[in-house]
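# Notes for the structure review
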Amino acid sequence: MADDDFSKLLQQAEQLTTEIEGNEDLPRVERSLGQVLEASHELYSRVIQSGSNDIQAHLLFGSKGIDLQQISQKLETLSSKRTFEPLQPIADSDIESFLKNERENAILSLIDEVNKNSLQTTEDQKWEHMLSEWNKEKIKLMNAMIGPSQNWLDLKRAPETPSIADTPKKFGHSMLDSIEAAYSRQVQQYNKLVFQGAKSRTALHQKFAQVADEFNDPKVKEMWEIIKTMSNIPALVRDEDPLKARGNPTIQQCLIAQGKKYLEKRYKQYMSDVVRSNPAAAMRGGEPGTFPLVRGFVGLRLQGQSAQGLTDGVIDDRPLWPMVYYCLRSGDASAALHCLRKAGREHEEFIAALEEHMRNPEKALSEKLQTAINFQYRIQVRNSTDPYKRAVYCIVGCCDVTDEHTEVAKTADDYLWLKLSIIKTKSTNESESFSYSDLQKLILEEYGETHYHAYEKPLVYFQVLTLTGQFEPAIEFLSRIPRYQVHGVHMALALHDGYMLGTPRNVQAPLLSVDTDDPIPLRRLNLARLLLLFVKKFELTDPSDALHYYYFLRNLKDPSGKNLFMCCCSELALESRDYELIFGRMDLTGIRSTGLLDQFNNSHIDTKVIALNVAEELVNKGLFEDAITMYDIAGNLERVLELFCILLAQVVNSGGGAGGLRERLSVLAEQVSKRLRSTDANLPASLVEAYTKLCKLMTFFDQFHSDNYEGALESLRECELVPLSTSDLDARVSGARAARGELLRCLPAVLRAVCTILVAQRQKLRGNHVATHTTNQQVEWLREQAEVLNTFAGNIAYRMPGDTYSQLAQMQILMH
């Protein structure tokens with residue numbers, strides 16, 4: 001039974017072998033069982049090592065005739081080690097090897113140079129970006145500083161301009177509140193008078209003070225009253241530094257007198273209010289004048305224990321020295337003299353001193369009287385129990401500048417008035433003199449904001465600074481209080497307009513800085529920084545108002561020496577990109593409509609120069625389309641055509657969508673072309689030719705994309721860029737060699753488009769099976785065209801992409 005089974009199995013195997021050998025389509029595979037077993041083990045180990053993904057990859061690529069194992073072996077043999085190795089030296093007689101080495105050396109040196117240049121450019125751009133970002137952060141940090149700096153800083157570079165977004169920031173709803181709008185109206189009215197050259201105009205601080213009266217804010221009104229009082233000094237010279245002028249003894253005397261005048265006027269009003277509130281106790285009576293007012297006030301103020309220790313009797317039932325002191329405190333020295341004369345002859349020496357003091361309050365007494373008064377003070381008055389007598393002696397005779405008179409001067413106003421009163425231009429005892437600078441330093445540096453509780457009582461701190469001629473730190477302090485910031489800005493403008501504001505030499509200095517050349521403790525206020533911080537919030541919504549504020553910076557320069565007003569206008573235009581509103585618009589005749597900037601034009605400010613600055617900055621930012629508009633406004637038609645050529649070369653062959661760059665350029669180019677035909681400007685011929693031909697190529701590609709091949713060829717013939725006949729070949733080759741680069745960059749696209757047109761015409765002729773004489777002529781013309789285009793492409797000195805050459809060659813083959 002077993003033998004039968006083996007026989008049957010052998011018979012089936014032989015039959016299977018016969019069937020395999022009889023099939024000629026499949027090759028015969030001869031492999032023993034051992035070989036099959038070995039291959040199985042090898043395949044199994046490979047699957048274990050590389051996983052099933054490798055097997056699937058072999059199956060996938062093997063189905064397409066790709067041997068992965070063979071490819072892997074070839075890749076392993078490839079090596080880039082020798083690519084950049086030094087070339088081996090060769091014998092001088094081996095010319096072929098020498099030329100090969102020279103060629104490879106040139107290629108290697110070019111690759112190495114490009115690599116180094118790329119790395120250097122990347123490094124430079126990285127550092128430039130980092131420096132730009134750090135400068136922006138420095139400006140933000142400096143603007144955010146709350147306290148004033150103690151040293152003058154020079155940042156050396158101008159602030160970086162904010163990056164321009166792709167979408168223009170159109171002007172929107174006004175961001176000005178009612179107070180800011182009221183101030184802004186006065187600013188515009190004042191600037192219009194300046195434009196008209198009006199010599200007699202109301203001072204700016206008076207206009208702003210009138211506006212402040214409408215706010216119904218007593219504190220703001222009082223601040224402006226202080227500014228008005230302190231501004232009432234002899235006119236300062238425009239070209240002289242305000243801080244140096246403030247050190248002039250004459251100006252200092254005026255500032256001291258104005259500070260005392262304000263404090264005296266205010267105290268007299270205070271006494272009137274006190275007496276009026278309690279007329280029965282004051283018993284003033286109906287007599288007008290300072291003496292009865294002071295008599296009534298002293299009667300209310302000094303009652304009971306407060307009248308103890310007073311000396312030298314009474315006049316009209318009132319103690320003498322309080323009457324004298326309060327008459328002086330209210331600014332009426334004549335009334336004080338009247339009090340002393342009523343007291344009797346025992347005060348004759350002091351009466352003489354008071355009379356001399358009245359003739360010139362800012363000067364020290366004569367040496368004789370000064371000696372006599374000082375002697376009396378040391379012997380009798382210094383240890384007197386009457387504080388008012390000590391105060392009066394110190395005011396008239398400057399006997400003791402260190403005495404604070406705390407029993408009399410109980411308020412900041414009283415203390416300041418006493419200190420201002422003892423400042424004299426000449427003193428017999430220099431060791432005990434007290435100068436204006438000493439008072440300024442005392443208030444600003446020794447006492448400062450903490451002593452005066454500045455944030456709780458901003459009016460008091462502002463008052464003591466302003467009345468001592470320290471306008472800069474006073475305004476800087478207001479700028480840190482949101483409620484008073486707007487008022488502080490306009491006070492700075494008013495003082496600057498009167499040449500009374502000290503500004504730094506560099507517009508990038510901190511808001512408040514110290515210049516080492518200035519007298520201690522004077523500060524300088526950076527008006528440019530203060531104004532730009534204020535205008536920043538509404539410059540995009542109220543451009544007209546912003547420009548009027550910028551106009552106050554017209555006499556300042558940026559670090560590069562440019563007019564700061566013009567720089568601010570440029571920044572506003574770059575930020576908003578609403579050029580038509582700011583600069584106006586060019587019509588087809590080349591006449592520009594008026595914009596917001598035109599009202600500011602004068603001998604130092606020119607709208608065209610600002611437009612040119614904006615255009616150059618736009619080019620640096622790569623915004624060529626906007627730069628074309630600005631160069632057009634600036635009247636620089638040559639730069640307009642140059643930028644047009646750059647942009648048209650990029651989009652001339654694209655179909656372009658509605659509202660896209662190509663369509664916008666097409667509309668703008670039409671306007672420029674009309675203006676170009678009507679102008680006689682002396683422009684480079686090659687530039688005008690390139691611009692004109694690019695405009696014609698725009699028409700060519702429009703017709704080509706709309707399948708108007710006949711019209712496209714006609715437009716191309718008018719363009720005179722590529723030859724369409726043998727007779728034009730030499731002229732077109734010469735023209736291409738002399739053409740601008742923007743025009744040459746369009747050649748590959750033009751040639752490919754012509755190839756498509758000629759091939760389409762050849763296919764159309766082939767579809768016409770009936771051969772006629774006309775058809776043969778057309779075919780011959782197409783062959784001639786193909787040959788002319790290939791010859792032209794080979795003769796011009798411009799290397800085009802390889803696919804252009806191959807398409808031209810393929811077209812020539814298809815023509816046969």
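From a predicted model like this one, the values you see are computed outputs, not experimental measurements. (Residues numbered from 1 in each chain as written. Predicted model: local features only at pLDDT ≥ 70, side-chain atom pairs only at ≥ 80, totals over all residues. Heavy atoms only, no water.)

Once that is clear, we can look at the overall build of the protein chain. Within the protein chain, the secondary structure is distributed over 37 helices and four strands. For the protein chain, the proportion of its 816 residues judged to be buried stands at 43%. Contacts spanning at least 24 positions in sequence make up 63% of the contacts within the protein chain whose residues lie at least 6 apart. When the accessible surface of the protein chain is totalled, it reaches about 44400 Å², and 51% of it is carbon and sulfur. (Helix = DSSP H or I, 4+ residues; strand = E, 2+ residues; numbered from the N terminus. Buried < 20%, exposed > 50% of the residue type's maximum accessible area, 1.4 Å probe, protein only. Contact = heavy atoms within 4.5 Å. Areas by Shrake-Rupley, 256 points an atom, 1.4 Å probe, with all protein chains shown as cover.)

The next point concerns the nonpolar core. Judged by nonpolar contacts, the single largest core of 217 residues is most densely connected at W224, Y325, F583, F644, Y691, L697 and F700. Here Y325 is in contact with Y388, A391, V392, I395, V408, W417 and L418, once residues within four sequence places are set aside. (Core = buried A, V, L, I, M, F, W, Y, C linked by side-chain atoms within 4.5 Å.)

This paragraph deals with helix α6 (residues 178-196). Compared with an ideal rise of 1.5 Å per residue, which puts 19 residues at 27 Å, α6 spans 28 Å between its outermost C-alpha atoms and is within 8% of the ideal. If you check which residues of α6 are buried, you get E180, A182, Y183, S184, Q186, V187, Q188, Y190, N191 and V194. In the core, the buried residues of α6 are packed alongside α7 (204-213), α8 (218-231), α22 (482-497), α23 (527-535) and α24 (543-550). Near the N-terminus of α6, the side chain that reaches the backbone nitrogen of I179, with its oxygen 3.2 Å away, is that of D177. Within two residues after α6, G197 carries a phi angle of roughly 75°, on the positive side. (Expected span 1.5 Å × (residues − 1). Polar contact = N/O pair within 3.5 Å; in protein donor to acceptor, adjacent residues only side chain to side chain.)

Time to look at the pattern of salt bridges. Enumeration over the complete set of coordinates arrives at 34 salt bridges. One salt bridge connects D413 with R266, and the closest N-O pair in it is separated by 3.5 Å. In this pair, D413 is assigned in helix α18 (residues 412-421) and R266 in helix α10 (residues 249-277), connecting sequence segments 147 residues apart. The partner of D702 in a salt bridge is R662, with the nearest N and O atoms 2.7 Å apart. Of this pair, D702 sits in helix α31 (residues 685-705) while R662 is found in helix α30 (residues 661-678), placing the two residues 40 residues apart along the sequence. Its relative accessible area of 38% is what places D702 among the partly exposed residues. (Salt bridge = Lys/Arg side-chain N within 4 Å of Asp/Glu carboxyl O.)

With that settled, the discussion passes to the packing of α18 against helix α19 (residues 436-451). With their axes 9 Å apart at the nearest point, α18 and α19 run at an angle of 150° to one another. Looking at the two axes, α18 sits roughly antiparallel to α19. For the element pair α18 and α19, the recorded crossing hand is right-handed. In this structure, α18 uses Y415, L416, K419 and L420 to contact α19, whose residues at the interface are Y436, L439, L442, I443 and Y447. (Axes fitted to C-alpha atoms, helices over the stretch in contact; angles between N-to-C directions. Parallel < 35°, antiparallel > 145°, perpendicular 65-115°, else oblique. Left-handed = near helix turned anticlockwise from the far one by under 90°.)

Along the polypeptide, Q308 turns up in the loop between α12 (290-301) and β1 (314-315). The sequence separation of Q308 and T385 amounts to 77 residues, and the corresponding C-alpha distance is 8.6 Å.

Caution applies to low-pLDDT parts of the model: their predicted coordinates are not meant to be read in detail. Averaged over all residues, the pLDDT of the protein chain is 83; the fraction at 70 or higher stands at 83%. This stretch, residues 146-170, has a pLDDT under 50; its non-local contacts, to residues over four places away or in other chains, come to 67 contacts. (pLDDT = per-residue confidence, 0-100.)

Further remarks concern the side chain of Q761. For Q761, the location among the structural elements is in helix α35 (residues 747-767). The buried category is assigned to Q761, whose relative accessible area is 16%. When near neighbours in sequence (up to four residues on either side) are disregarded, Q761 contacts E710, L713, W781 and L782.

This part takes up unusual backbone geometry. Cis geometry is found at the peptide bond from I520 to P521, where omega equals 5°. Tracing the backbone shows P521 in the loop between β3 (512-513) and β4 (524-525). Here Y499, not a glycine, exhibits a phi torsion of approximately 60°, which is positive. Examined against the element boundaries, Y499 turns out to sit in the loop between α22 and β3.

This brings us to the environment of S384. As for its placement among the helices and strands, S384 is situated in the loop between α16 (367-381) and α17 (387-397). For S384, a relative accessible area of 13% corresponds to the buried category. Each C-alpha atom of the pair S384 and L310 lies 8.7 Å from the other, and the pair is 74 residues apart in sequence. Ignoring anything within four residues of it in the chain, the contact list for S384 reads T311, K389 and R390.

This part covers helix α20 (residues 458-466). By the criterion of burial, α20 is predominantly enclosed, with eight of the nine residues buried. Of the surrounding secondary structure, the elements contacted by the buried residues of α20 are α8, α10, α18, α19, α21 (471-479) and α22.

So, on to a nonpolar patch on the surface. Taken together, the side chains of I95, F98 and L99 make up a nonpolar region of the molecular surface, amounting to roughly 320 Å² of accessible area. Examined against the element boundaries, L99 turns out to sit in helix α5 (residues 95-144). Given a relative accessible area of 53%, L99 falls into the exposed group. (Patch = residues over 30% accessible without salt bridge, like charges linked within 9 Å, V, L, I, M, F, W, Y side chains within 5 Å.)

Attention now moves to the environment of L729. Note that L729 resides in helix α33 (residues 729-738). Judged by its relative accessible area of 13%, L729 falls in the buried class. In the structure, L729 is positioned 62 residues away from T791 in sequence and 8.2 Å away in space, judged by C-alpha atoms. In contact with L729, not counting residues within four places along its chain, are P723, V788, T791 and F792.

Here we take up the packing of aromatic side chains. We describe a pair of aromatic rings using the distance from one ring centre to the other and the angle between the two ring planes. Tallying each qualifying case throughout the model produces 33 aromatic pairs. Here the aromatic rings of F195 and Y551 are separated by 5.1 Å at their centres, their planes lie at 80°, and the arrangement is edge-to-face. A residue pair is termed long-range when its members are at least 10 positions apart, and F195 in helix α6 and Y551 in the loop between α24 and α25 (564-576) qualify at 356 residues. Cluster of aromatic residues (ring-pair linked, three or more members): Y267, Y270, F297, Y325, Y326, Y388 and W417. Sitting over the face of the ring of F434, K419 holds its NZ or CZ atom 5.0 Å from the ring centroid. (Phe/Tyr/Trp six-rings, centres within 6.5 Å; stacked < 30°, edge-to-face > 60°. Lys NZ or Arg CZ within 6 Å of the ring centre and 35° of its normal.)

What follows deals with the side chain of Q463. By the element assignment, Q463 lies in helix α20. The exposure class of Q463 is buried, given its relative accessible area of 3%. A polar contact is formed between the side chain of Q463 and the side chain of D413, at a distance of 2.2 Å.

This part is about the state of the cysteines. As enumerated under the stated definition, the model contains zero disulfides in all. With no disulfide partner, C394 has as its closest neighbouring cysteine sulfur the one in C399, 5.5 Å distant. With relative accessibility at 1%, the residue C394 sits in the buried group. (Disulfide = S-S within 2.5 Å.)

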